[in-house]
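Residue-level structural notes
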Amino acid sequence: MCGIAGFISSNKNYDSKKIVSNMLDLISYRGPDQKGFDSFGNTTMGMVRLSIIDCKDHDIPVVDNSGNYAIVYNGEIYNHNSIKSSLKSSYDFRTNSDTETALVSYIKNGVNSFGEHNGMYAFSIYDKQKKETTIVRDKSGEKPLYYTQGKDFFAYASEMKCLLELVEPRFNDEAVSYDAYEFTVGKETLFKDIYQLEPGEYIKVKDGNYKIHNYWKIWDNIIEISDNEEKIISDLSELVEDSILLRTKNAAHQYSAFISGGVDSSLIACIAKPDYLYTAHYNYSDFDELDYAKMVAKQINKELIIVSPTKEDFIRTREDIAYHLDTPCTWTSFTLWMLLERAKKDGVKIVMSGEGADEMFAGYHRYHLLHHDEQIHNLEAMKQYSYLIGKYHGSASSRYAKLVNRCENPYDEKVNRYLDETIGNYSDKMSEDIVHFMGLNDFYSTMQVLLQMSDRLNMAHSIENRSPFLDHRLVQYAFSIQSKYKIKNGITKWILKEVSKKFIPNEISNRTDKRGFAAPINKWYEWDKNGKYNRSAYKNMVFEDWKKSFGVR
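The following refers to the structure shown.

Now for the overall build of the chain. Along the backbone of the chain there are 22 helices and 17 strands. Rg of the C-alpha trace for the chain: 23 Å, near the compact-globule value of 24 Å for 553 residues, within the 12% margin. Expressed along its principal axes, the backbone C-alpha trace of the chain runs to roughly 70 × 55 × 50 Å. Across the chain, every contact between residues at least 6 apart in sequence was considered, and the portion connecting residues at least 24 apart equals 71%. As presented, the chain carries roughly 23000 Å² of accessible surface, and 45% of it is formed by carbon and sulfur atoms. Placing the 70 positive and 78 negative side-chain charges of the chain at their respective mean positions leaves the two points 2 Å apart.

Pasting the structure below:
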């Protein structure tokens with residue numbers, strides 16, 4: 001896990017090496033073990049390195065044996081050993097690093113090599129002969145990549161704050177996705193003129209121009225799966241287990257898991273059997289999952305390390321969290337920060353967590369609403385009313401757009417048009433399968449802010465996060481199975497819960513009361529006397545914290 005930065009310009013008045021060096025210094029916590037950068041013609045590229053697989057120092061950037069290609073790299077390719085084995089007959093490897101594997105794989109197979117990578121990554125490769133830079137981001141969006149273009153330069157980096165060396169910190173008041181979701185989705189960010197490379201995309205930069213291409217999107221990778229419940233459960237079980245175990249390898253360090261007492265984190269912990277096991281606990285009067293977390297610890301015979309954050313901790317960490325997130329996140333990230341503080345004290349370098357399972361396997365309770373509607377609409381007696389249903393009830397995609405819309409003005413035409421278009425597009429991609437398109441929309445929207453929070457806060461503590469459910473084989477399988485196996489008999493995430501019964505305590509597999517895990521900030525600040533979460537108050541708090549951290553105008 002690392003951080004990268006690059007600057008491309010033919011204007012010799014720029015001190016390109018100083019620019020890249022300064023950008024890397026801003027994210028030194030992403031790679032405290034080594035820093036390096038170099039220039040190749042009009043291109044300067046650099047990297048700060050957190051050593052996870054290969055702990056030896058290497059030249060940065062990594063240059064191939066011919067001297068024609070150079071790479072800076074952030075992430076982990078978990079299947080790099082198998083890829084490397086297929087390349088050894090034609091290339092003499094000098095390191096044990098997946099960075100070199102990614103470079104050589106690109107030299108041999110070009111952009112087609114990206115599809116082979118099972119992992120999380122964002123890296124940049126410079127081709128000296130073509131004088132061309134290729135920048136790629138992983139399939140699910142686990143590792144970040146941002147870019148900006150000035151009148152005579154192109155720059156990229158792992159975090160937005162790096163690009164503020166080149167761009168004024170101005171508020172992007174045209175970021176409609178922020179009004180819709182309370183965070184930015186897609187390529188736009190809240191910093192004007194700073195953009196995000198989206199999951200499964202790569203950029204080609206040459207002669208001052210750039211072009212973005214897709215190389216992996218879920219809808220382009222749907223496979224045929226026979227409608228056989230027993231076989232689907234068996235195949236999914238093998239795939240889940242392999243995805244988790246694959247992420248316990250490729251490490252020279254011990255690893256840990258954060259658990260909440262739900263199915264997803266319990267699956268990871270019970271299969272991976274980590275060296276350290278953590279949970280967070282607040283003194284809720286109405287909801288407490290600690291007993292479930294203790295069940296997991298007992299099953300794998302590990303000490304459960306319990307972190308109990310306080311309001312004083314929240315006040316102490318607010319500024320740090322705002323700075324490291326780069327953008328205001330209405331999802332509370334405080335609990336994760338506190339878990340990571342403790343993990344760092346214990347010397348942990350790797351954490352495993354369960355991002356993606358809810359989006360892929362329909363784990364959110366809100367999915368019940370449209371799923372239930374659809375069951376009624378499909379009744380034989382209702383078919384003659386399809387015209388009226390469509391006219392007065394609206395399409396499934398328009399109803400979901402209303403359900404996820406967090407704009408303070410529900411009648412905002414710009415926001416409603418944005419949501420109708422984007423969610424309608426996902427509906428089309430999934431052939432109007434309601435359960436699949438709700439998950440697809442959330443995979444590329446709400447899940448992305450969870451990944452952003454995870455990456456930034458883990459990296460702030462120089463810890464690598466691994467998300468087994470985002471193995472692209474598992475993502476592909478989840479969106480290819482019949483959606484009836486995701487919500488069944490009124491149970492969300494049914495198929496994954498069936499799989500889990502092989503690995504985790506039945507009391508957890510059979511839970512129906514799971515909620516999202518949040519800090520009791522609402523109670524601490526008495527925003528609502530009835531205990532209801534006041535999203536607007538927290539949104540305003542983190543927005544002001546963000547503006548203050550970066551001097552946003």
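Once that is clear, we can look at the side chain of Ser177. By the element assignment, Ser177 lies in helix α5 (residues 176-181). A relative accessible area of 0% places Ser177 in the buried class. Side chain to side chain, Ser177 and Glu188 meet in a polar contact 2.5 Å long. Setting aside residues up to four positions removed in sequence, Ser177 forms contacts with Glu182, Phe183, Thr184, Val185, Glu188 and Tyr418.

Turning our eyes to something else, we now look at the sheet that holds strand β1 (residues 2-8). A sheet is described by the order of its strands in space; here 6 strands give the open sequence β2-β3-β1-β9-β8-β10, paired in antiparallel fashion. Of all the strands in the sheet, just β2 (34-40) and β10 (195-196) have a single pairing partner and so form its edges. Bridge analysis of β1 against strand β3 (residues 43-49) gives 7 bridges, and the strand direction is antiparallel. When the sheet's bridge partners are listed, Ala5 is paired in β3 with Gly46.

Okay, helix α7 (residues 263-272) next. The element α7 is largely enclosed, with a buried count of 10 among its 10 residues. Those residues of α7 not exposed but buried are Val263, Asp264, Ser265, Ser266, Leu267, Ile268, Ala269, Cys270, Ile271 and Ala272. One or two positions beyond α7, positive phi appears at Lys273, with a value near 50 degrees.

Let's shift gears to unusual backbone geometry. Here the bond from Ile60 into Pro61 is cis, since omega is -5 degrees, no more than 30 degrees from zero. When you line up the elements, Pro61 lands in the loop between β3 and β4 (62-63). You will see that Asn301, though not glycine, has its phi angle at about 60 degrees, which is positive. Assignment of secondary structure puts Asn301 in the loop between α8 (290-300) and β15 (304-307).

This part covers empty space enclosed by the protein. On inspection of all chains with the given rule, the structure shows 7 cavities of 30 Å³ or more. Quantified by volume, the largest cavity comes out at close to 120 Å³. Secondary-structure elements contributing two or more residues to the lining of the largest cavity are α9 (311-325) and α22 (535-550). Broken down by class, the residue content of the lining of the largest cavity amounts to 11 nonpolar, 2 polar and 2 charged.

This brings us to the pairing of strand β12 (residues 209-214). With 6 bridges joining them, strand β11 (residues 201-206) and β12 adopt antiparallel strand pairing. Note on β12: the bridge partner recorded for Glu201 is Asn214. Linkage of β11 to β12, two consecutive antiparallel strands, is achieved through a turn of 2 residues, within which Asp207 is found at a positive phi near 55 degrees.

Counted by the stated rule, this structure contains 42 aromatic pairs. With centroids separated by 5.3 Å and ring planes inclined at 20 degrees, the aromatic side chains of Tyr525 and Trp527 adopt a geometry described as stacked. The exposure class of Tyr525 is partly exposed, given its relative accessible area of 25%. Take Trp527: its relative accessible area is 23%, and that puts it in the partly exposed class.

Our next topic: the sheet that holds β15. Strand order in the open sheet formed by 5 strands is β15-β14-β13-β16-β17, with parallel pairing between adjacent strands. A strand with exactly one partner marks an edge of an open sheet, and here the two such strands are β15 and β17 (464-466). Direction aside, neighbouring strands of the sheet carry axes that sit 30 degrees apart on average. As defined by bridge partners, strand β16 (residues 350-352) adjoins β17 across 3 bridges and the pair is classed as parallel. In the strand pairing of β17, Val351 is matched with Asn465.

The next subject is a nonpolar patch on the surface. A surface patch of nonpolar side chains, about 520 Å² in accessible area, is lined by Tyr385, Tyr387, Leu388 and Tyr392. If you trace the backbone, Leu388 turns up in helix α13 (residues 386-393). The class of Leu388 is partly exposed, set by a relative accessible area of 42%.

Conventions we followed
- One numbering rule holds for all chains: residues counted from 1, following each sequence as written.
- Owing to the predicted nature of the model, reporting of local features is limited to residues with pLDDT of at least 70; listing and counting of side-chain atom pairs is limited to 80 or more, with chain, interface and lining totals taken over all residues.
- Calculated side-chain values reflect all of the structure's heavy atoms, with hydrogen atoms and water omitted.
- Counting from the N terminus, the helices are the DSSP runs of H or I reaching at least four residues and the strands are the DSSP runs of E reaching at least two.
- The globule rule is 2.2 Å times the number of residues to the power 0.38, and the radius of gyration it is compared with is taken over C-alpha atoms.
- Here a residue-residue contact requires only that any non-hydrogen atoms of the pair lie within 4.5 Å.
- To be clear on the numbers: accessible area is Shrake-Rupley with a 1.4 Å probe, and residue cover counts the displayed protein chains and nothing else.
- Residues scored as charged are limited to Lys and Arg (positive) and Asp and Glu (negative), so that His and the chain ends carry no count.
- A single reference atom marks each charge: NZ on Lys, CZ on Arg, CG on Asp, CD on Glu.
- The classification of residues rests on relative accessible area computed with a 1.4 Å probe and restricted to protein chains. Under 20% of the type maximum is buried, over 50% is exposed, and intermediate values are partly exposed.
- Between N or O atoms, a polar contact is any pair within 3.5 Å; within protein, one atom must be a potential hydrogen donor and the other a potential acceptor, and residues adjacent in sequence are included only when both atoms are from side chains.
- Two strands pair if DSSP finds at least two bridges between them.
- Each cavity reported here is a set of points on a 1 Å grid over the protein atoms alone in which a 1.4 Å probe fits but cannot get out, each pocket an open set with protein on both sides within 12 Å along at least five of seven lines, and each lining residue one with an atom within 4 Å of a point.
- Grid points are joined across faces, edges and corners, and a volume is the space filled by probe spheres set on the points.
- Put simply, Ala, Val, Leu, Ile, Met, Phe, Trp, Tyr, Cys and Pro go in the nonpolar bin, Asp, Glu, Lys and Arg in the charged bin, and everything else, Gly too, in the polar bin.
- Two rings from Phe, Tyr or Trp (for Trp, the six-membered ring) form a pair when their centres sit within 6.5 Å of each other. Planes less than 30 degrees apart are called stacked, planes more than 60 degrees apart edge-to-face, and all others tilted.
- For every element, the axis is a line fit to its C-alpha atoms; helices are fit only across the contacting stretch, and the angle between N-to-C directions ranges from 0 to 180 degrees.
- Candidates for patches are residues over 30% relative accessible area with no salt bridge; among them, like charges are joined within 9 Å and nonpolar side chains (Val, Leu, Ile, Met, Phe, Trp, Tyr) within 5 Å.
- What makes a salt bridge here is a side-chain nitrogen of Lys or Arg within 4 Å of a carboxyl oxygen of Asp or Glu, nothing more.

Coordinates in, geometry out; function isn't part of it.
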